[in-house]
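Now for the letters of each chain:
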Amino acid sequence: MTADCLFCKISAGEIPAEKLYEDDEMLAFRDIAPQAPVHFLVIPKKHIQDPANVGEEDEALIGRMMRIGSLVAKENGITDFRLIYNNGLEAGQTVFHIHMHVLGGRSLTWPPG
Ligand code: 5GP
Ligand code: ZN
């Protein structure tokens, strides 16, 4: 738990979120400002700032985020979806606790803006 980190507070239950999945090491919850009919975030409970700060010891955890995110997508009725990690301000990162966006339920354009 890192003080003043929004997603550490959500994972600790100090700030409410609409949870879709939770286990000992990760959590999936709906994005507060959804950009698609299905838009949720998968986070590790461990505070990692961003993809650039993923350590070797985190590799299995980050891999699980993809597997669990895909399962939760299926549970929420989507088989086609986009996974996004923003790293740094210029890439659009606004919360500095690593999170994987899962977006689907509409057709998505490429490349992203
Ligand atoms: P980023 O821009 O850092 O990749 O994504 C952060 C995401 O967190 C945004 O899509 C934003 O809507 C979402 N978000 C920000 N604050 C909250 C919150 O308090 N609760 C939830 N559920 N999502 C949030
Ligand atoms: Zn955090």
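Below: a short report on this structure. All residue numbers here refer to positions counted from 1 along the written sequence of the relevant chain. To label them, take the chains in the order written and letter them from A, then take the ligands in the order written and number them from 1. Local features are withheld for residues below a pLDDT of 70 in this predicted model, meaning they are given only at 70 or higher, and side-chain atom pairs are given and counted only at 80 or more; totals for whole chains, interfaces and linings count all residues. Only hydrogens and water are set aside; all other atoms, that is, all heavy atoms of the structure, feed into the side-chain values.

Moving on, we get to the site of ligand 1. The immediate surroundings of ligand 1 are formed by 16 residues, with Asp31, Asn86, Gly92, Thr94 and His99 found nearest. We call two N or O atoms a polar contact when they sit within 3.5 Å, provided that within protein one can donate a hydrogen and the other can accept it, with sequence-adjacent residues counted only if both atoms are side-chain atoms. Between an oxygen atom of ligand 1 and a main-chain N or O atom of Gly92, the distance comes to 2.7 Å. The contact in question runs from an oxygen atom of ligand 1 to an N or O atom on the backbone of Thr94, over 2.6 Å. Surface accessibility follows the Shrake-Rupley procedure with a 1.4 Å probe radius. Residue values consider only the protein chains on display as shielding. With the chains in place, 83% of the 520 Å² that ligand 1 exposes on its own is no longer accessible. Strands here mean DSSP runs of E at least two residues long; helices mean DSSP runs of H or I at least four residues long; both are numbered from the N terminus. Of all elements in the fold, only helix H1 (6-11) and strand S2 (26-30) reach the threshold of two or more residues within the shell around ligand 1. In terms of residue count, the dominant contributor to the shell around ligand 1 is H1 (3 residues). When at least one non-hydrogen atom of a residue lies within 4 Å of a molecule or strand, that residue is treated as near it.

Before going further, it helps to examine the pairing of strand S1 (residues 19-22). In the sheet, S1 pairs with S2 via 3 bridges, with the strands oriented antiparallel. Residue pairing in the sheet places Lys19 in a bridge with Phe29 of S2. With antiparallel pairing between neighbouring strands as the criterion, S1 and S2 make up a hairpin whose turn holds 3 residues. Being paired, for any two strands, means DSSP has found at least two bridges between them.

Moving on, we come to the coordination of the zinc ion (ligand 2). Put simply, a metal with four donors set out as a tetrahedron has ideal angles of 109.5 degrees, and one with six donors set out as an octahedron has ideal angles of 90 or 180 degrees. The donor set comprises N, O and S atoms within 2.8 Å of the metal, extended to 3.2 Å for Na, K and Ca; water molecules are omitted, so apparent gaps in a site may simply reflect that omission. Donor atoms from the polypeptide that coordinate the zinc ion (ligand 2) comprise Cys5 (SG), Cys8 (SG), His47 (ND1) and His97 (ND1), at 2.0 to 2.3 Å from the metal. Taken together, the 4 donor atoms coordinating the zinc ion (ligand 2) and their angles of 106 to 114 degrees define a geometry best described as tetrahedral. In this scheme the shape depends on donor count and angles: four donors with every angle between 85 and 135 degrees give tetrahedral, four or six donors with opposite pairs above 155 degrees and others between 65 and 115 give square planar or octahedral in turn, and any other case is irregular.

The next point concerns the packing of aromatic side chains. Centre distance and the angle of the planes are the two values used to describe a pair of aromatic rings. Working definition: rings of Phe, Tyr and Trp (its six-membered ring) pair if their centres are within 6.5 Å, and the pair is stacked with planes under 30 degrees apart, edge-to-face with planes over 60 apart, and tilted otherwise. Using the criterion set out here, one finds 1 aromatic pair in the structure. Ring centres 5.4 Å apart and planes at 80 degrees place the aromatic pair Phe7 and Phe29 in the edge-to-face group. In this pair, Phe7 sits in helix H1 while Phe29 sits in strand S2, placing the two residues 22 residues apart along the sequence.

Below, the discussion takes up helix H2 (residues 59-75). Compared with the 24 Å implied by 1.5 Å per residue over 17 residues, the 25 Å span of H2 between its first and last C-alpha is a close match. Burial here depends on accessible area, computed with a 1.4 Å probe over protein chains only, as a share of the maximum for the residue type. Under 20% is buried, over 50% is exposed, and the range in between is partly exposed. Along H2, the positions that sit buried rather than exposed are Leu61, Ile62, Met65, Ile68, Gly69, Val72 and Ala73. The buried residues of H2 occupy one face: seen down the axis, they fall within an arc of 140 degrees. Exposed residues pointing more than 90 degrees away from the buried face of H2 are listed as Glu59, Ala60 and Lys74. In what follows, residue pairs with any heavy atoms lying within 4.5 Å of each other are defined as contacts. Those residues of H2 that are buried lie in contact with S1, S2, strand S3 (38-44), strand S4 (81-84) and strand S5 (100-104). Multiplying 1.5 Å by the residue count of a helix minus one yields the expected span of that helix. Directions from the helix axis toward the C-beta atoms define the arc.

Here a salt bridge means any side-chain nitrogen of Lys or Arg lying within 4 Å of a carboxyl oxygen belonging to Asp or Glu. Inspection of every chain in the model, using the stated rule, returns 8 salt bridges. Note that Lys9 is salt-bridged to Asp4, the shortest N-O span being 3.8 Å. Judged by relative accessible area, Lys9 falls into the partly exposed class, the value being 23%. On the accessibility criterion, Asp4 (70% relative accessible area) is exposed. With a closest N to O distance of 3.3 Å, Lys19 and Glu22 form a salt bridge. By relative accessible area, which is 37% here, Lys19 ends up partly exposed. It is possible to trace a salt-bridge network through shared partners that takes in Lys19, Glu22 and Lys45.

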